[in-house]
Amino acid sequence: MLVAYVDARTVMERLDEVCPNEWSFKVKLYPGSALMARGQLTLAGLTRSDVGESGEGEAAGAKAATSDALKRCAVHFGVGRYLYDLPRPWVAWDDAKRQPLESVTLPAWAVPQDERPSGVTHVLQAMQSIRGGLPNCVRCTAI
């Protein structure tokens, strides 16, 4: 199963883009079977907290726990929240190359604006998406 995620550096870049010099992040580490980190992200005077963990294996450690806490705090401000709405497809996997054997297509709403199809195609895709979410009793028969 492929699951979308955001990297901590991407979170920092987005925060720098949206509110440069108006954010800060503090972390406190708690050792245990898996290292835990309690993070506090402050944006323009508003603070949100969450906990991250290091996991096990090669990724274990303070860096992993801190990155996880930052990403989880940022979600409270909406950064990367849409990733939870993306499909999680099952695909064939190439162990040697550590990549999927087939490409995965994102839904139109998740594609960056400059990469979306233009004109009528985009409008028709949006209408089809909306229509598919309506109960049968209120669906349009034609677009």
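Novice: Hey, could you run me through the overall build of the protein in this one?
Specialist: Looking only at helices and strands, the protein features 3 helices and 5 strands. Across the protein, helices and strands are ordered from the amino to the carboxyl terminus as α-β-β-β-α-β-β-α. Relative to its full complement of 143 residues, the protein shows a buried share of 20%. For the protein, restricting intrachain contacts to residue pairs at least 6 apart in sequence, the fraction spanning at least 24 positions comes to 39%.

Novice: Whenever I open this one, the pairing of strand β3 (residues 46–53) confuses me. Can you help?
Specialist: Residues in a regular strand project their side chains so that they alternate between the two faces of the sheet. Strand direction decides the pairing type here: strand β2 (residues 36–43) and β3, joined by 8 bridges, are antiparallel. Pairing of L43 across the sheet is with L46, part of β3. In textbook terms, the turn of a hairpin is the stretch between consecutive antiparallel strands, and for β2 and β3 this stretch comprises 2 residues, one of which, A44, has a positive phi near 45°.

Novice: Whenever I open this one, the pattern of salt bridges confuses me. Can you help?
Specialist: In a structure, side chains of opposite charge can pair up when their charged atoms sit close to one another. All told, the structure shown has 3 salt bridges when counted by the stated rule. Between E17 and R14 there is a salt bridge, with its nearest N and O atoms 2.9 Å apart. Residue E17 and its partner R14 are both found in helix α1 (residues 8–18); the two are separated by 3 residues, about one turn of the helix. Looking at E17, the relative accessible area reads 59%, which means it is exposed. As a salt-bridge pair, D50 and R72 come within 3.5 Å of each other at their nearest N and O atoms.

Novice: Sorry, what's going on with a nonpolar patch on the surface here?
Specialist: A grouping of M1, V3 and W90 is seen on the molecular surface, where their side chains present a nonpolar patch of about 390 Å² in accessible area. By secondary structure assignment, the location of M1 is in the segment before α1. A residue is classified by how much of its surface remains accessible, and M1, at 46% relative accessible area, is partly exposed.

Novice: What am I meant to see in the nonpolar core here?
Specialist: Side chains of a nonpolar character, in soluble globular proteins, are inclined to be buried together. Ranked by internal contacts, the top residues of the largest apolar core, which has 14 residues, are V11, L15, L41, L43, L70, A74 and V79. Mapped by element, the contributors of at least two residues to this core are α1, β2 and α2 (62–75). When sequence neighbours within four positions are dropped, the list of residues in contact with L41 reads L15, W23, S24, F25, L46, T47, R48, L70, C73, A74 and F77.

Novice: Please explain the environment of E102 as it appears in this structure.
Specialist: Relative to the assigned elements, E102 resides in the loop between β5 (99–100) and α3 (120–132). Spatially, the C-alpha atom of E102 lies 6.9 Å from that of V91, the residues being 11 residues apart in sequence. Leaving out residues up to four positions away in the same chain, E102 has contacts with V91 and A92.

Novice: Just checking my understanding: could you explain the packing of aromatic side chains for this structure?
Specialist: Aromatic rings considered in pairs are described by the distance between their centres and by the relative angle of their planes. In the structure shown here, the tally under the stated rule is 1 aromatic pair. When the ring of Y82 is compared with that of W109, the centres are 6.4 Å apart and the planes differ by 85°; the resulting orientation is edge-to-face. Remark: W109 occurs in the loop between β5 and α3 and Y82 occurs in the loop between α2 and β4 (93–94); sequence separation between them is 27 residues. When its relative accessible area of 43% is taken as the criterion, Y82 is described as partly exposed. With relative accessibility at 42%, the residue W109 sits in the partly exposed group. For R48, the ring lying beneath its charged end belongs to F77, and the centroid distance is 5.8 Å.

Novice: Help me out: how do you make sense of the pairing of strand β1 (residues 23–30) in this one?
Specialist: Here 8 bridges tie β1 to β2, and the two strands are oriented antiparallel to one another. Bridge pairing in β2 places L29 opposite A37.

Rules used in this analysis
Residues numbered from 1 in each chain as written. Predicted model: local features only at pLDDT ≥ 70, side-chain atom pairs only at ≥ 80, totals over all residues. Heavy atoms only, no water. Helix = DSSP H or I, 4+ residues; strand = E, 2+ residues; numbered from the N terminus. Buried < 20%, exposed > 50% of the residue type's maximum accessible area, 1.4 Å probe, protein only. Contact = heavy atoms within 4.5 Å. Pairing = 2+ DSSP bridges. Salt bridge = Lys/Arg side-chain N within 4 Å of Asp/Glu carboxyl O. Patch = residues over 30% accessible without salt bridge, like charges linked within 9 Å, V, L, I, M, F, W, Y side chains within 5 Å. Areas by Shrake-Rupley, 256 points an atom, 1.4 Å probe, with all protein chains shown as cover. Core = buried A, V, L, I, M, F, W, Y, C linked by side-chain atoms within 4.5 Å. Phe/Tyr/Trp six-rings, centres within 6.5 Å; stacked < 30°, edge-to-face > 60°. Lys NZ or Arg CZ within 6 Å of the ring centre and 35° of its normal.

Taken by themselves, the reported measurements are silent on function.
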